[in-house]
Amino acid sequence: MIVAGIHGGYEWNTITLADQLITILPGRPDLIPQDVTLFILRSLNPDGDHRAHGIYGRANENGVDLNRNWPAYWQADWPQTGCWNLLPLTAGSSPASEPETQALMQFLLGQHVDALINYHSAALGIFSGGQPPDPASLSLAEAIAEVSDYPYPPVDTGCQYTGQLIDWASMNGIAAIDIELSTHTSTDLRQNLRILTTFLNWRR
Ligand SMILES: [Zn+2]
(Lines give C-alpha, C1' and ligand atoms only; values in the text may rest on other atoms or scores of the structure.)
Protein backbone atom coordinates (compact mmCIF):
# COMPACT_ATOMS: atom_id res chain seq x y z
CA MET A 1 0.00 0.00 0.00
CA ILE A 2 1.08 3.56 -0.72
CA VAL A 3 -0.06 6.34 1.61
CA ALA A 4 0.39 10.01 0.71
CA GLY A 5 -0.56 13.27 2.34
CA ILE A 6 -0.28 12.34 6.03
CA HIS A 7 1.10 15.86 6.49
CA GLY A 8 -1.57 17.45 4.32
CA GLY A 9 -0.86 20.64 2.46
CA TYR A 10 2.64 20.95 3.94
CA GLU A 11 3.59 17.95 1.81
CA TRP A 12 1.06 18.44 -1.00
CA ASN A 13 3.51 17.12 -3.60
CA THR A 14 3.12 13.62 -2.14
CA ILE A 15 -0.58 13.85 -3.06
CA THR A 16 0.37 15.00 -6.56
CA LEU A 17 2.65 11.97 -6.87
CA ALA A 18 -0.16 9.64 -5.77
CA ASP A 19 -2.45 11.21 -8.35
CA GLN A 20 0.18 10.76 -11.06
CA LEU A 21 0.50 7.06 -10.17
CA ILE A 22 -3.29 6.66 -10.13
CA THR A 23 -3.43 8.21 -13.62
CA ILE A 24 -0.58 6.13 -15.05
CA LEU A 25 -1.26 2.67 -13.62
CA PRO A 26 -4.49 1.78 -15.46
CA GLY A 27 -2.46 2.00 -18.70
CA ARG A 28 0.47 0.03 -17.27
CA PRO A 29 -0.97 -3.19 -15.80
CA ASP A 30 2.42 -4.80 -16.55
CA LEU A 31 3.87 -2.88 -13.59
CA ILE A 32 1.75 -4.81 -11.10
CA PRO A 33 2.63 -8.49 -10.57
CA GLN A 34 -0.27 -10.94 -10.86
CA ASP A 35 -0.10 -11.94 -7.20
CA VAL A 36 -0.03 -8.39 -5.83
CA THR A 37 -2.85 -5.99 -4.96
CA LEU A 38 -1.80 -2.35 -4.76
CA PHE A 39 -3.78 0.19 -2.73
CA ILE A 40 -3.01 3.91 -3.08
CA LEU A 41 -4.42 6.31 -0.48
CA ARG A 42 -3.88 9.65 -2.16
CA SER A 43 -4.59 11.96 0.80
CA LEU A 44 -4.72 10.80 4.41
CA ASN A 45 -5.19 14.37 5.67
CA PRO A 46 -7.59 16.11 3.27
CA ASP A 47 -8.48 18.87 5.76
CA GLY A 48 -4.83 19.91 6.02
CA ASP A 49 -4.45 19.86 2.25
CA HIS A 50 -7.55 22.00 1.86
CA ARG A 51 -6.50 24.51 4.55
CA ALA A 52 -3.14 25.59 3.18
CA HIS A 53 -0.17 24.56 1.06
CA GLY A 54 2.58 25.37 3.53
CA ILE A 55 3.18 24.94 7.24
CA TYR A 56 -0.44 25.72 8.17
CA GLY A 57 -1.54 22.71 6.15
CA ARG A 58 0.40 20.13 8.16
CA ALA A 59 -2.06 19.25 10.95
CA ASN A 60 -5.51 17.73 10.64
CA GLU A 61 -8.63 19.71 11.55
CA ASN A 62 -8.01 19.10 15.26
CA GLY A 63 -4.50 20.58 15.18
CA VAL A 64 -2.96 17.11 15.41
CA ASP A 65 0.18 15.96 13.61
CA LEU A 66 -1.15 12.65 12.28
CA ASN A 67 2.32 11.13 12.25
CA ARG A 68 2.51 11.61 16.04
CA ASN A 69 -0.86 10.03 16.77
CA TRP A 70 -0.21 6.30 16.23
CA PRO A 71 -0.06 3.85 19.17
CA ALA A 72 3.69 3.37 18.84
CA TYR A 73 5.98 5.12 21.32
CA TRP A 74 3.21 7.73 21.59
CA GLN A 75 3.92 10.78 23.74
CA ALA A 76 1.59 13.71 24.36
CA ASP A 77 4.61 16.02 24.54
CA TRP A 78 7.64 14.87 22.63
CA PRO A 79 11.11 16.45 22.78
CA GLN A 80 11.25 19.14 20.11
CA THR A 81 15.01 19.04 19.54
CA GLY A 82 15.76 18.17 15.94
CA CYS A 83 12.08 17.67 15.14
CA TRP A 84 9.70 19.70 12.96
CA ASN A 85 8.71 22.56 15.26
CA LEU A 86 7.57 25.44 13.07
CA LEU A 87 4.13 25.38 14.69
CA PRO A 88 2.88 24.00 18.03
CA LEU A 89 0.97 20.86 16.99
CA THR A 90 -0.31 18.10 19.26
CA ALA A 91 -0.08 14.30 19.19
CA GLY A 92 -3.81 14.00 19.87
CA SER A 93 -5.63 13.51 23.18
CA SER A 94 -4.60 9.82 23.24
CA PRO A 95 -3.00 7.27 20.89
CA ALA A 96 -5.17 6.83 17.76
CA SER A 97 -7.52 9.59 18.88
CA GLU A 98 -7.96 10.88 15.33
CA PRO A 99 -10.47 9.56 12.76
CA GLU A 100 -7.81 9.52 10.02
CA THR A 101 -5.58 7.28 12.14
CA GLN A 102 -8.46 4.98 13.09
CA ALA A 103 -9.67 4.61 9.51
CA LEU A 104 -6.24 3.74 8.11
CA MET A 105 -5.49 1.40 11.00
CA GLN A 106 -8.67 -0.57 10.33
CA PHE A 107 -7.93 -0.68 6.61
CA LEU A 108 -4.34 -1.89 7.02
CA LEU A 109 -5.40 -4.67 9.41
CA GLY A 110 -8.61 -5.55 7.59
CA GLN A 111 -6.88 -5.91 4.22
CA HIS A 112 -3.86 -7.71 5.75
CA VAL A 113 -1.53 -5.24 4.07
CA ASP A 114 1.96 -6.75 3.79
CA ALA A 115 4.09 -3.73 2.90
CA LEU A 116 3.69 0.03 3.10
CA ILE A 117 5.31 3.16 1.69
CA ASN A 118 4.35 6.36 3.52
CA TYR A 119 5.38 9.38 1.43
CA HIS A 120 6.61 12.66 2.96
CA SER A 121 8.66 15.67 1.88
CA ALA A 122 11.30 16.80 1.94
CA ALA A 123 14.84 15.57 1.55
CA LEU A 124 15.59 13.48 4.64
CA GLY A 125 15.66 10.14 2.82
CA ILE A 126 14.33 6.65 3.47
CA PHE A 127 13.35 5.57 7.01
CA SER A 128 12.62 1.97 8.10
CA GLY A 129 9.73 1.15 10.44
CA GLY A 130 10.44 0.00 13.98
CA GLN A 131 12.71 1.23 16.75
CA PRO A 132 15.02 -0.51 16.13
CA PRO A 133 13.88 -1.31 12.59
CA ASP A 134 12.42 -4.79 12.06
CA PRO A 135 14.14 -7.07 9.50
CA ALA A 136 11.37 -6.87 6.88
CA SER A 137 11.22 -3.06 6.96
CA LEU A 138 15.01 -2.92 6.74
CA SER A 139 15.00 -5.30 3.77
CA LEU A 140 12.40 -3.17 1.99
CA ALA A 141 14.30 0.06 2.69
CA GLU A 142 17.54 -1.43 1.39
CA ALA A 143 15.89 -2.74 -1.79
CA ILE A 144 14.40 0.68 -2.52
CA ALA A 145 17.58 2.55 -1.63
CA GLU A 146 19.36 0.56 -4.34
CA VAL A 147 17.15 2.01 -7.09
CA SER A 148 16.82 5.54 -5.72
CA ASP A 149 18.87 8.65 -5.05
CA TYR A 150 17.15 9.38 -1.75
CA PRO A 151 19.51 9.41 1.23
CA TYR A 152 19.87 6.05 2.94
CA PRO A 153 20.53 5.71 5.77
CA PRO A 154 18.37 8.81 6.26
CA VAL A 155 19.56 12.17 7.53
CA ASP A 156 19.74 12.10 11.35
CA THR A 157 18.35 15.39 12.65
CA GLY A 158 18.41 14.20 16.25
CA CYS A 159 14.63 14.02 16.40
CA GLN A 160 13.11 11.38 18.67
CA TYR A 161 10.20 10.04 16.60
CA THR A 162 7.02 9.22 18.52
CA GLY A 163 3.57 8.04 17.44
CA GLN A 164 4.59 7.26 13.87
CA LEU A 165 2.58 5.30 11.31
CA ILE A 166 5.55 3.20 10.16
CA ASP A 167 6.46 2.20 13.72
CA TRP A 168 2.89 1.08 14.40
CA ALA A 169 2.89 -0.81 11.08
CA SER A 170 6.17 -2.51 12.04
CA MET A 171 4.68 -3.60 15.38
CA ASN A 172 1.81 -5.16 13.43
CA GLY A 173 3.98 -7.19 11.07
CA ILE A 174 3.85 -4.81 8.11
CA ALA A 175 7.10 -4.00 6.29
CA ALA A 176 6.97 -0.20 6.36
CA ILE A 177 9.10 2.70 5.23
CA ASP A 178 8.89 6.47 4.98
CA ILE A 179 10.19 8.03 1.76
CA GLU A 180 10.82 11.77 1.66
CA LEU A 181 10.59 13.35 -1.79
CA SER A 182 13.59 15.50 -2.72
CA THR A 183 11.80 18.87 -2.40
CA HIS A 184 8.42 20.28 -1.29
CA THR A 185 7.27 20.70 -4.91
CA SER A 186 8.63 17.91 -7.14
CA THR A 187 7.17 14.42 -7.46
CA ASP A 188 10.38 12.78 -8.71
CA LEU A 189 8.10 10.71 -10.93
CA ARG A 190 10.69 8.73 -12.87
CA GLN A 191 12.49 7.78 -9.70
CA ASN A 192 9.25 6.83 -7.99
CA LEU A 193 8.21 4.61 -10.89
CA ARG A 194 11.47 2.71 -10.38
CA ILE A 195 10.72 2.56 -6.67
CA LEU A 196 7.19 1.31 -7.38
CA THR A 197 8.49 -1.55 -9.51
CA THR A 198 10.95 -2.56 -6.81
CA PHE A 199 8.27 -2.23 -4.13
CA LEU A 200 5.78 -4.43 -5.97
CA ASN A 201 8.39 -7.11 -6.64
CA TRP A 202 9.90 -7.08 -3.15
CA ARG A 203 9.30 -10.26 -1.15
CA ARG A 204 10.11 -11.21 2.40
ZN1 LIG B 1 5.84 14.43 6.61
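Reading guide: rules and limits
- Residues numbered from 1 in each chain as written.
- Predicted model: local features only at pLDDT ≥ 70, side-chain atom pairs only at ≥ 80, totals over all residues.
- Heavy atoms only, no water.
- Helix = DSSP H or I, 4+ residues; strand = E, 2+ residues; numbered from the N terminus.
- Rg over C-alpha atoms; globule rule 2.2 N^0.38 Å.
- Buried < 20%, exposed > 50% of the residue type's maximum accessible area, 1.4 Å probe, protein only.
- Contact = heavy atoms within 4.5 Å.
- Areas by Shrake-Rupley, 256 points an atom, 1.4 Å probe, with all protein chains shown as cover.
- Lys, Arg positive; Asp, Glu negative; His and termini not counted.
- Charge placed at Lys NZ, Arg CZ, Asp CG, Glu CD.
- Pairing = 2+ DSSP bridges.
- Axes fitted to C-alpha atoms, helices over the stretch in contact; angles between N-to-C directions.
- Left-handed = near helix turned anticlockwise from the far one by under 90°.
- Nonpolar A, V, L, I, M, F, W, Y, C, P; charged D, E, K, R; others polar.
- Disulfide = S-S within 2.5 Å.

Caption draft 1: Summary view of the overall build of the chain. Across its full length, the chain holds six helices and five strands. Start at the N end of the chain and walk to the C end: the helices and strands fall as β-α-β-α-α-β-β-α-α-β-α. The globule rule puts the C-alpha radius of gyration for 204 residues at 17 Å, and the 16 Å found for the chain is close to it. In terms of overall dimensions, the chain has a C-alpha envelope of 45 × 35 × 30 Å along the principal axes. Buried residues in the chain amount to 50% of all 204 residues. The long-range share in the chain, meaning contacts at least 24 apart out of those at least 6 apart in sequence, stands at 82%. Of the accessible surface of the chain, which amounts to about 9100 Å², a share of 55% is contributed by carbon and sulfur atoms. Across the chain, the mean location of the 9 positive side-chain charges is 6 Å away from that of the 21 negative side-chain charges.

Caption draft 2: Spotlight on the environment of Leu200. By secondary structure assignment, the location of Leu200 is in helix H6 (residues 189–201). Look at Leu200 and you get buried, because its relative accessible area is 3%.

Caption draft 3: Spotlight on the pairing of strand E3 (residues 115–121). Where burial is concerned, most of E3 is hidden: seven out of the seven residues are buried. Burial along E3 is two-sided: the residues Ala115, Ile117, Tyr119 and Ser121 and Leu116, Asn118 and His120 are all buried. As judged from the two bridges shared by strand E1 (residues 2–3) and E3, these two strands associate in the parallel manner. Across the sheet, the residue bridging to Ile2 is Ile117, located in E3.

Caption draft 4: Geometry of the packing of helix H4 (residues 135–146) against H6. Two numbers describe how H4 lies on H6: the axes approach to 9 Å, and their chain directions differ by 145°. Seen from above, H4 lies across H6 with right-handed handedness. Residues Leu140, Ala143 and Ile144 of H4 lie in contact with H6, whose contacting residues are Ile195, Thr198 and Phe199. Per-class residue counts for the contact of H4 with H6 are five nonpolar, one polar and no charged.

Caption draft 5: Here's a closer look at the state of the cysteines. Counted by the stated rule, this structure contains one disulfide. Covalently, Cys83 is tied to Cys159 through a disulfide, its sulfur atoms 2.0 Å apart. Taking the sign of the S-S torsion, about 95° here, the bridge from Cys83 to Cys159 comes out right-handed. Taken together, the residues Cys83 in the loop between helix H2 (46–51) and helix H3 (99–110) and Cys159 in the loop between H4 and helix H5 (165–171) connect sequence positions 76 residues apart. Here Cys83 and Cys159 have matching classes, each one buried.

In short, geometric facts, not functional conclusions.
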